[in-house]
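One letter stands for each residue in the lines below.
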Amino acid sequence: MSNTQCLVVVDYQKDFVDGVLGCGQPALDIESFIEKKIQEHLDARHTVFFTLDTHTEPVYSDSVESSSYTLHCRKYTEGWLPYGVIKNYMTYPGVEAIEKATYGCAELASRIAASPIRDLEIVGVYTDVCVFHNTVLIYNTVPDENIRVFASGCASPDAAMHSQSLCMMRTFVTVVE
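Residues numbered from 1 in each chain as written. Predicted model: local features only at pLDDT ≥ 70, side-chain atom pairs only at ≥ 80, totals over all residues. Heavy atoms only, no water.

## Focus: the packing of helix α5 (residues 106-113) against helix α6 (residues 127-141)
α6 packs onto α5 with a crossing angle of 35° between their chain directions and a minimal axis gap of 9 Å. Both α5 and α6 take part in a crossing whose hand is right-handed. Of α6, the residues touching α5 (which contributes A106, L108, A109, I112 and A113) are N134, L137, I138 and T141. Its residues assigned to classes, the contact of α5 with α6 comprises 7 nonpolar, 2 polar and no charged. (Axes fitted to C-alpha atoms, helices over the stretch in contact; angles between N-to-C directions. Helix = DSSP H or I, 4+ residues; strand = E, 2+ residues; numbered from the N terminus. Left-handed = near helix turned anticlockwise from the far one by under 90°. Contact = heavy atoms within 4.5 Å. Nonpolar A, V, L, I, M, F, W, Y, C, P; charged D, E, K, R; others polar.)

Quick look at the structure:
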């Protein structure tokens, strides 16, 4: 695998696409774009990271997040799995899945910082929650790297929040329309 470039696919999981916290049509509309980006990176032998929002019943009910969102992405349930054709890539060489219990994935940022990766592309859902938090976390960990968020590869159920989040991210990373 080429160690200088990677793709980060943030939480493109069933519960966030058409499940309990589903984005609906906006998330469905980006599936082919995400698949194309995954294939491009795998063909070029780049690492593809998947973040998997992962919760368990007793821990989640005690979390701050539980006051805002119903239990979702319960480990090993259908809702926890990547959505649609994207789940087929989970076993490909060069794909690394990282579970996370919070909006941002500190382990992902740490792995990128410890690697020779210098060029990152980010896609996923929700633009205004987990995509935003992971982009901020990665940027704060490796601020000198080339980080690009693809607007066409991100979705939120709230179009205004999607646009506002992309606008905010433009202040510290490149947002590709």
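We are not done yet, so read on.
## Regarding α5
For an α-helix, 3.6 residues make a turn, and residues three or four places apart therefore share a direction. Every buried residue of α5 is accounted for by L108, A109 and I112. In an axial view of α5, the angular spread of the buried residues amounts to 95°, which keeps them on one side of the axis. (Buried < 20%, exposed > 50% of the residue type's maximum accessible area, 1.4 Å probe, protein only. Arc of directions from axis to C-beta.)

## Things to note about the nonpolar core
Judged by nonpolar contacts, the single largest core of 53 residues is most densely connected at V8, V9, Y12, I38, I112, V125 and I138. Leaving out residues up to four positions away in the same chain, Y12 has contacts with V17, A27, L28, I30, E31, I34, L81, P82, Y83, I86 and V125. (Core = buried A, V, L, I, M, F, W, Y, C linked by side-chain atoms within 4.5 Å.)

## Looking at the packing of aromatic side chains
Taken as a whole and assessed by the stated rule, the structure comprises 6 aromatic pairs. Consider the rings of Y12 and Y83, whose centres lie 6.0 Å apart with planes at 85°: the pair is edge-to-face. Highlighted residues: Y12 in the loop between β1 (2-10) and α1 (14-17) and Y83 in the loop between α4 (57-61) and β3 (95-100), separated in sequence by 71 residues. Accessibility assignment for this pair places Y12 and Y83 in one class, buried. Residues Y76 and W80 carry aromatic rings whose centres are separated by 5.3 Å and whose planes lie at 65° to one another, so their mutual orientation is edge-to-face. Residue class for Y76 comes out exposed when judged on its relative accessible area of 68%. (Phe/Tyr/Trp six-rings, centres within 6.5 Å; stacked < 30°, edge-to-face > 60°.)

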